[in-house]
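# Report on the structure
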Amino acid sequence: MVGVLQEETYLFDPNILLKLDFHQSPAKFNPFISAACPGETWLKVRPLKDSDYDRGFLQLLSQLTHVGSVSRTQFLTRFSQMKASGDYFVTVIEDTRKNEIIGAATLVIERKFIHNCAIRGRLEDVVVNDTYRGKQLGKLIVVTVSLLAQYLGCYKMSLDCKDKLIKFYESLGYVLIPGNSNSMTIRYDESPMVKNNLTAFKRITPLANTPTAVNVTEGVVGDACQTVCILPFKSTFIN
């Protein structure tokens, strides 16, 4: 990958990911890993950077779906738009040995009038480099953005997936919505603690009013082994 010389900008505050307590997730990891400690010293879970154009981020997405010929200017323009809106939380996994992005998932915030003007999360664009599978990274990246949605105060997170991925997402706590194809959802406790987390985050990065759409396929993930307790999921996890 091309070396990055200029100052780099995160899409959102990377310290938030270190506050996610994976012990609060019913997902089963063997051995236990988290966004802060992903199992290998050369793996790092972090927000997308504006310099990740040179780390193969778009090439990774091409393993998921058609990307097209996206220029650096187009990438930087879309990155700036996402950062300005405050509603996009693209999270990636970097192989620091190769300076290369090997996994990614996106949390999109959708603002609602219902539920007292609550916010809802959408899980999109989950992908892991084929050569890194077998390290629990698909599970790790999904749990990371799911915990992130809860931390930010979402009342639920939704996704759409293929038939073959239903059992994978069920093992992470998502449940099928009856009569709605392969739409799945997970609900979170709506408590003062969650709402306070969102209020505190707004003082760092204000979230804008940006409605979104969704589409998910398959699905990864560190430094500093610090966690902060957050509330458990409402739904019952399988496995």
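The chain appears in an unreviewed UniProt entry as Glucosamine 6-phosphate N-acetyltransferase from Stomoxys calcitrans. The Sequence similarities (unreviewed entry) comment attached to the chain in UniProt states, word for word, "Belongs to the acetyltransferase family. GNA1 subfamily." Of the chain, the UniProt comment under Pathway (unreviewed entry) reads exactly: "Nucleotide-sugar biosynthesis; UDP-N-acetyl-alpha-D-glucosamine biosynthesis; N-acetyl-alpha-D-glucosamine 1-phosphate from alpha-D-glucosamine 6-phosphate (route I): step 1/2."

## Section: the packing of aromatic side chains
Applying the stated rule across the entire model yields 9 aromatic pairs. Ring plane angle 55 degrees and centroid distance 6.3 Å describe the contact between Phe 22 and Phe 29, whose orientation is recorded as tilted. Cluster of aromatic residues (ring-pair linked, three or more members): Tyr 53, Phe 57, Phe 75 and Phe 79. Here Arg 97 stacks its cationic end above the ring of Trp 42, 3.5 Å away from the centre of that ring. Geometry around Phe 29 places Lys 139 over its ring, the cationic atom sitting 5.4 Å from the centre.

## Points about the pairing of strand E4 (residues 119-128)
With 9 of 10 residues buried, E4 is to be regarded as a mostly interior element. One ladder, built from 8 bridges, connects strand E3 (residues 100-111) with E4; its direction is antiparallel. By the bridge assignment for E4, Gly 103 is matched with Val 128. Bridge count for E4 against strand E5 (residues 156-160) is 2 bridges, and the pairing is parallel. Bridge pairing in E5 links Gly 121 to Met 157. For the segment spanning E4, helix H5 (residues 137-151) and E5, crossover handedness is right-handed.

## Notes on the pattern of salt bridges
Side chains that differ in sign of charge can pair as their charged atoms come close. Counting across every chain of the model gives 12 salt bridges. Between Arg 55 and Glu 94 there is a salt bridge, and its shortest N-O distance comes to 3.7 Å. Linking Arg 55 in the loop between strand E1 (43-47) and helix H2 (57-61) with Glu 94 in strand E2 (residues 88-95), this pair joins segments that are 39 residues apart in sequence. The pair Arg 55 / Glu 94 is uniform in exposure class, with both members buried. A salt bridge links Glu 110 to Arg 122, with the nearest nitrogen and oxygen atoms 3.4 Å apart. One end of the pair, Glu 110, is in strand E3; the other, Arg 122, is in strand E4, and 12 residues separate them in sequence. Residue class for Glu 110 comes out buried when judged on its relative accessible area of 9%. Residue class for Arg 122 comes out buried when judged on its relative accessible area of 15%. Residues joined by salt bridges that share partners form a network here, namely Glu 8, Arg 46, Lys 49, Asp 52, Arg 55 and Glu 94.

About the criteria used
Throughout, a residue's number is its position along its own chain's written sequence, starting from 1. Totals for whole chains, interfaces and linings use all residues, but because this is a predicted model, local features are given only for residues with pLDDT of at least 70 and pairs of side-chain atoms are given and counted only at 80 or more. The side-chain values count all of the structure's non-hydrogen atoms but skip hydrogen atoms and water molecules. UniProt positions are given in the numbering used here, feature names are shortened, and annotations may be inferred rather than shown by experiment. Only the six-membered ring of Trp is used, alongside the rings of Phe and Tyr, when aromatic pairs are assigned; centres must lie within 6.5 Å, and planes under 30 degrees apart are stacked while those over 60 apart are edge-to-face, with the rest tilted. Charge-over-ring placement is defined geometrically: NZ (Lys) or CZ (Arg) within 6 Å of the ring centre, and within 35 degrees of the ring normal. For the exposure calls, accessible area comes from a 1.4 Å probe over protein chains only, and a residue counts as buried if that area is under 20% of its type's maximum, exposed if over 50%, partly exposed in between. Here a helix means four or more residues in a row that DSSP labels H or I, a strand means two or more in a row labelled E, and each is numbered from the N terminus. Here a strand pair is declared whenever DSSP counts at least two bridges between the two strands. When the strands point away from the viewer, a crossover counts as right-handed if the path from the first strand over the helix to the second runs clockwise. Basic side-chain nitrogens of Lys or Arg form a salt bridge, by our definition, when they fall within 4 Å of a carboxyl oxygen of Asp or Glu.

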